[in-house]
Amino acid sequence: MKLLNKGAYLRAGLITFVSIIIFNIAGANPAYAVQKKAADTSVSAADVTFTDILTAADSLAIRKKQADSVKKAEAAKASKAPAAASKTAEKPKSLWQIFIEGLLGGFTAVILPCIYPLLPLTVSFFTKKSGSKSKAVMQSLIYGVSIIVIYVTLGLLISIIFGSDALNELATNGIFNIFFFLLLIVFGISFLGAFEITLPSSLANKLDANSDKGGLAGIFFMASTLVVVSFSCTGPIIGTLLVDAASKGDRLGPAMGMFGFSLALALPFTIFALFPSALKTLPKSGGWLNSVKVVLGFLELAFALKFLSNVDLAYHWNWFDREIFLSLWIAIGLLIGLYLIGKIKFSHDSDVKFLTIPRTFLAIIVFAFVIYMIPGLWGAPLKSISAFLPPEATQDFNLSAIPDGSGSSTASPSAAIPASIGERKYAANYTRIKTKGLDAWYDYDQALQVSKALHKPILIDFTGFNCVNCRKMEANVWSDPQVFSRLKNDFILLQLVVDDKAELPVAEQFVSDYSGKKITTLGGKWSNLEAQRFNSNSQPLYVMLNSDGNLLKDASGAEIPTSPANYDIASYLKFLDSGIAAYKK
């Protein structure tokens, strides 16, 4: 079927979707951590929750360098740790969020050149073949359900092939992140028109031949033919959804994402079968379809950079700085804007003789977003997109300053740290995620010593190089003057980075009594501690301890009112204050 490439311009229906994509390139952000109180109850402040688990008062023994003694220390902690009701960790993305992203992806696919022209043809086929409206509706329903079954099956296969453990590890695995980066680059180039990603034509021909059988089987094969023929348009969207769901979601994330995608794809065929006259209101196929595809291609390229940034941070390459990331996003944004106003075009594009109202407003949104990002090159926090950017500490030139609530952007410790404690262990690993003005510690045993010397409680921040929620929490909550002052002056901040790939010395490597796996990296050591003692592997996770390493069980930080706000500063302040009060008791 030959698609029309010239005609009507970009329609008003595109404005909402593409603007959402522009401001949410990497998707929605999920909940932070789990807090359990004495009766194993939990409440949350939307996306931010905190941890306080009832446990016997115990002190985490200082690890010795020999492997045997390390194992004994871990076993001792395991025996004193509270029995976990479940080892299932709270996932960075809920199934609902993944479903909604899939739904948006499906609605986008409908207005691409490979599917949109098929809407009137398919509905007309069912209407004429069936002979009655009721039969046409039934056949369209079966057609839609078949599309859903095909895509959900694909999502389930992804989950089965990788398994739940592998899916949880994808977000920080260097090989997968590099693979995803290259994959999305290929998808983006494909959408820009360099080539088409298609499945074998023999497969499409065979499915098309089987669609003539009639009955339920024939309709199912018709749906299968649509899936195969439209793969050049839907493939990049499906690939992006599967990558995001597999690496950041629940083990059923790929299946849920495909359910949302296929539902959005199937709905128009069913709805127009119910109301065939509505087909006349649809815009005609034309060059505007290709414009949608090109804009999505640029967005794919922007999305790919996040995966490259993940690898750069976790493996300490230290070359993909924040300003480089922003410069690339700004360049991509400018190209999108210039494309929309017709200043640049590709070989397969039709001329833009004049700007339509939808194009004009969409171009305004894109150029405004570009202007918003420019101050970030000099250190502006850019809070609305901070979760997706490399940490501010990677900025070579930063003019911003974080107030500490006392009128100064920096402050010295309230008491001298004994020389016997030595230099901050592992600090050199984390200069690129260091929050400006905060002097964190990065080793559990050393933090205990500092806490005893300075008589301050410990706030453990289980974080990660690739933790989107951690960066957003630091930019939106920790930057508050009151919160910042408490973190700097009232706590020993202990940041344990669970995805650090730095190798442990051979003598410090051990086999976890919790998971049975051999722990060989520094990040694995802290991830094992988080899972074994605090029954979670989500980040960020905030835990308050006294100087002996015991949980501050009297802290009332869990008593946070539910709120639609994702990052509630007042609730976080209440959490910190309750820990300080419990420590003083």
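Conventions and cut-offs
Each chain carries its own residue numbering, running from 1 in the written order of its sequence. Owing to the predicted nature of the model, reporting of local features is limited to residues with pLDDT of at least 70; listing and counting of side-chain atom pairs is limited to 80 or more, with chain, interface and lining totals taken over all residues. Each side-chain value is worked out from all heavy atoms of the structure, with water and hydrogens disregarded. The rule for pairing is simple: two strands pair if DSSP sees at least two bridges between them. Think of it this way: any DSSP run of H or I at least four residues long counts as a helix, any run of E at least two long counts as a strand, and we number them from the N terminus. In this description, a line fitted to the C-alpha atoms serves as the axis of each element, helices being fitted only across the stretch in contact, and the angle between N-to-C directions of two axes falls anywhere from 0 to 180 degrees. For this analysis, residues touch if any pair of their heavy atoms sits within 4.5 Å. Relative accessibility thresholds used throughout: buried, under 20% of the residue-type maximum; exposed, over 50%; partly exposed, between the two (1.4 Å probe, protein chains only). Salt bridges, as used here, are contacts in which a Lys or Arg side-chain nitrogen is within 4 Å of a carboxyl oxygen on Asp or Glu.

Caption draft 1: Representation of the sheet that holds strand β2 (residues 492-497) within the structure. Pairing is mixed across the open sheet formed by three strands, whose spatial order is β2-β1-β5. Whereas interior strands pair on both sides, the edge strands pair on one side only; in this sheet they are β2 and β5 (541-545). Going from strand to strand, the sheet's axes swing by 20° on average, the running direction of each strand aside. As judged from the six bridges shared by strand β1 (residues 458-463) and β2, these two strands associate in the parallel manner. Paired with I460 across the bridge in β2 is L494. Across the sheet, helix α17 (residues 522-534) is in contact with β1, β2 and β5; its angle to β1 comes to roughly 115°.

Caption draft 2: Local environment of the pairing of β1. The element β1 is extensively covered by neighbouring structure, given that six of its six residues are classed as buried. Covered by surrounding structure in β1 are I458, I460 and F462 together with L459, D461 and T463, the residues of both alternating faces. Relative to β5, β1 is paired through five bridges, and the arrangement is antiparallel. Opposite D461, over in β5, you have Y542 as the bridge partner.

Caption draft 3: Up close: the pattern of salt bridges. Tallied over the entire structure, the rule returns five salt bridges. Between D312 and R432 there is a salt bridge, and its shortest N-O distance comes to 2.9 Å. Here D312 is found in helix α11 (residues 287-314), whereas its partner R432 is found in the loop between α13 (357-373) and α14 (444-454), with 120 residues between them in sequence. The buried category is assigned to D312, whose relative accessible area is 0%. Between D321 and R432 there is a salt bridge, with its nearest N and O atoms 2.9 Å apart.

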